[in-house]
Amino acid sequence: MITSSPKVLLAALLLVSPLAQAAAPRPIPLLPPEEAAAAEADYQRYCALCHGPDRAGHANDHAPSLKSRSLLSTAFPWLLRESIAYGRPGTPMGGYLDEVGGPMSMAEVRRMMLWLHEKGGSPEPLRLGSDRVAGDVQAGAAVYGQYCASCHGEQGEGITGTALGNPAMLATTPDPFLRHAIEHGRDGTPMEGFAGTLSPTQMDDVTAFLRSRATGWNAEPRPLVPPPALADAVLNPEGEAPAFEFKNGHYITAADLDRILKEKRRFVLLDTRVASMWQLAHIKGSVPIPYYSDREAVVAALPTDGTWIISYCECPRAAADSVNKWLREKGFTNTAVLWEGIGGWVALGYPTTVGRAEP
Ligand code: HEC
Ligand code: HEC
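Residues numbered from 1 in each chain as written. Chains lettered and ligands numbered in written order. Predicted model: local features only at pLDDT ≥ 70, side-chain atom pairs only at ≥ 80, totals over all residues. Heavy atoms only, no water.

Draft legend 1. Region of interest: the pairing of strand β2 (residues 267-271). Summarising burial for β2: 5 of the 5 residues are buried, a large majority. Because side chains alternate across β2, one face comprises the buried residues Phe267, Leu269 and Asp271, and the other comprises Val268 and Leu270, equally buried. As paired elements, β2 and strand β4 (residues 308-312) share 5 bridges and run parallel to each other. Pairing of Val268 across the sheet is with Ile309, part of β4. Where β2 meets strand β3 (residues 287-288), 2 bridges bridge the pair, whose relative direction is parallel. Across the sheet, the residue bridging to Asp271 is Pro288, located in β3. (Buried < 20%, exposed > 50% of the residue type's maximum accessible area, 1.4 Å probe, protein only. Helix = DSSP H or I, 4+ residues; strand = E, 2+ residues; numbered from the N terminus. Pairing = 2+ DSSP bridges.)

Draft legend 2. Focus on the site of ligand 1. As a structural note, the neighbourhood of ligand 1 is formed by 21 residues, with Cys47, Cys50, His51, Met93 and Ala163 the closest of them. At a separation of 2.8 Å, an oxygen atom of ligand 1 approaches a polar side-chain atom of Arg88. Ala163 places a main-chain nitrogen or oxygen 2.7 Å from an oxygen atom of ligand 1. Of all elements in the fold, only α3 (33-51) and α5 (78-86) reach the threshold of two or more residues within the shell around ligand 1. The greatest single-element share of the shell around ligand 1, amounting to 4 residues, is contributed by α3. (Near = heavy atom within 4 Å. Polar contact = N/O pair within 3.5 Å; in protein donor to acceptor, adjacent residues only side chain to side chain.)

Draft legend 3. Structural view of the coordination of the iron atom of ligand 1. Protein coordination at the iron atom of ligand 1 comes from His51 (NE2) and Met93 (SD), with a distance range of 2.0 to 2.2 Å. The class of His51 is buried, set by a relative accessible area of 8%. (Donors = N, O, S within 2.8 Å, 3.2 Å for Na, K, Ca; no water.)

Draft legend 4. Seen up close, the coordination of the iron atom of ligand 2. Bound to the iron atom of ligand 2 on the protein side are His152 (NE2) and Met191 (SD), at distances that span 2.0 to 2.2 Å. Its 6 donor atoms give the iron atom of ligand 2 angles of 87 to 179 degrees at the centre, a pattern that matches the octahedral case. One end of the pair, His152, is in helix α8 (residues 149-152); the other, Met191, is in the loop between α10 (175-184) and α11 (200-212), with 39 residues separating them in the sequence. (Tetrahedral: all angles 85-135°; square planar, octahedral: opposite > 155°, others 65-115°.)

Draft legend 5. How the structure looks around the side chain of Arg265. Mapped onto the fold, Arg265 is located in the loop between α12 (254-262) and β2. Apart from the residues within four sequence positions on either side, Arg265 is in contact with Leu235, Asn236, Glu240, Ala241, Pro242, Ala243 and Ile260. (Contact = heavy atoms within 4.5 Å.)

Draft legend 6. Spotlight on the sheet that holds strand β5 (residues 335-338). Strand order across the open sheet formed by 5 strands is β1-β5-β4-β2-β3, with parallel pairing between neighbours. Looking along the sheet, the strands with just one partner apiece sit at the ends: β1 (251-252) and β3. Each of β1, β2, β4 and β5 is contacted by helix α15 (residues 318-329), which is oriented at about 175 degrees to β5, the strand it contacts most. (Axes fitted to C-alpha atoms, helices over the stretch in contact; angles between N-to-C directions.)

Draft legend 7. Region of interest: the site of ligand 2. Neighbouring ligand 2 are 24 residues; His58, Cys148, Cys151, His152 and Met191 lie closest to it. With respect to ligand 2, the side chain of His152 contributes an N or O atom lying 2.8 Å from a nitrogen atom. The contact in question runs from an oxygen atom of ligand 2 to an N or O atom on the side chain of Arg186, over 2.8 Å. Among the secondary structure elements, those contributing two or more residues to the shell around ligand 2 are α8 and α10. In terms of residue count, α10 provides more of the shell around ligand 2 than any other element does, 4 residues in total. Mapped onto the domain boundaries, the shell around ligand 2 takes at least three residues apiece from domain 1 (6-119) and domain 2 (137-212). (Domains from an automatic or database assignment.)

Draft legend 8. Layout of the environment of Ile310. With respect to the element layout, Ile310 can be found in strand β4. By relative accessible area, Ile310 is classed as buried at 0%. Separated by 42 residues in sequence, Ile310 and Val268 place their C-alpha atoms 6.1 Å apart.

Draft legend 9. Quick look at the packing of α10 against α11. Between α10 and α11, whose axes approach to 10 Å, the crossing angle comes to 130 degrees. In terms of axis orientation, α10 runs oblique to α11. As α10 packs across α11, the resulting crossing turns out to be right-handed. Across the interface between the two elements, Asp175, Leu178, Arg179, Ile182 and Glu183 from α10 touch Pro200, Met203, Asp204, Val206, Thr207, Leu210 and Arg211 from α11. (Parallel < 35°, antiparallel > 145°, perpendicular 65-115°, else oblique. Left-handed = near helix turned anticlockwise from the far one by under 90°.)

Draft legend 10. Representation of the pairing of β4. Within β4, 5 of the 5 residues are buried, which leaves the element mostly enclosed by the surrounding structure. With burial as the criterion, each face of β4 is covered, one bearing Trp308, Ile310 and Tyr312 and the other bearing Ile309 and Ser311. Of the pairings in the sheet, the one linking β4 to β5 comprises 3 bridges and is parallel in character. Paired with Ile310 across the two strands is Ala336, which belongs to β5.

Such coordinate-based values are descriptive only and should not be taken to indicate function.
Written out as structure tokens, the structure is:
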């Protein structure tokens, strides 16, 4: 049972209901200490890898700050909840909700959202509404190219800054949320507010331009499939060991991985991202062993006869590197990490598959 007090549960439910958005501000309940401790433990296990142990962001994969007041006052409650539950497909931010294959129940996602808000000093939620911001898309494109593309990418694909052209990001963020971030920035991060640099009209234009990027959504919804067991993880059990040269220490290139898959070599391929991302797309033959897995259980199930174990994640390599590191600490020596990550793998034209791996 996640929430011990029915009062807290009720308050939490009211908070996340869109209806509550319109209602008068109500005090946000503080989590009982044991709930806060459990949320903190979840945070350190699932989130610290990228968002940093102190929530300041930018520890890996340019994950944004989860403590900036600018974010917490505009994203709390439901934008935070949506991002944690469903992630931002196409970015390293996967969904953590069990419904999409992740490790957390909705109650745990809510608890995380309440905890982040509380740890961030409980800033008063700003009622920005969800009205469209009207602006000139063409003019906004020019502003974007001049002031934003260097950090957010020419196509909004994200570099050091958030992937602003991402359909999942745009689907969960109303215009005033974007507009507020542009004007006020994100305190404590490289995202400075543009008030003073850009005119209000220019900020409206660039907001309208970002909104115009909200395309996609052609994919059919797919049912979740049970991932294969680690016990069945060895690919081509009768095959020979793979032969390849390390790149930069302990990495294997996408070209070599593609080759050893085609040569039907014997090895284990681990997908170390949050398990919901394996459901979305993965390299055929891989088994989801997220970076937060129970290490003892993984070690107990892996072959100890020197079979190669290759890990990958989203690029760059934070999750896979962390799994590879503890495998080496546990005495596995034949281990490697995919240098390009699955992002690079896809960009180079190598195939992925969805849902169940058909070995
Ligand atoms: C593998 C790295 C990684 C992990 C692990 C991760 N995130 Fe993220 N997260 C990201 C990245 C990268 C983004 C920005 C995505 C984008 O460009 O839209 C992000 C975005 C977010 C956002 C949206 C913030 C904003 O500014 O819009 C929230 C909220 C969030 N993450 C919460 C979490 C929580 C809570 C956890 C743990 C349950 C977690 N993340 C785990 C990488 C990660
Ligand atoms: C110096 C690099 C840089 C520049 C230039 C920059 N940004 Fe950002 N931006 C970032 C970073 C980094 C973040 C994530 C901040 C964090 O950690 O929360 C961000 C966050 C944002 C967010 C919030 C996204 C979210 O999910 O919370 C929006 C919106 C945004 N930027 C829009 C813009 C626009 C529009 C421009 C141009 C007018 C711009 N930015 C220019 C670095 C930059």
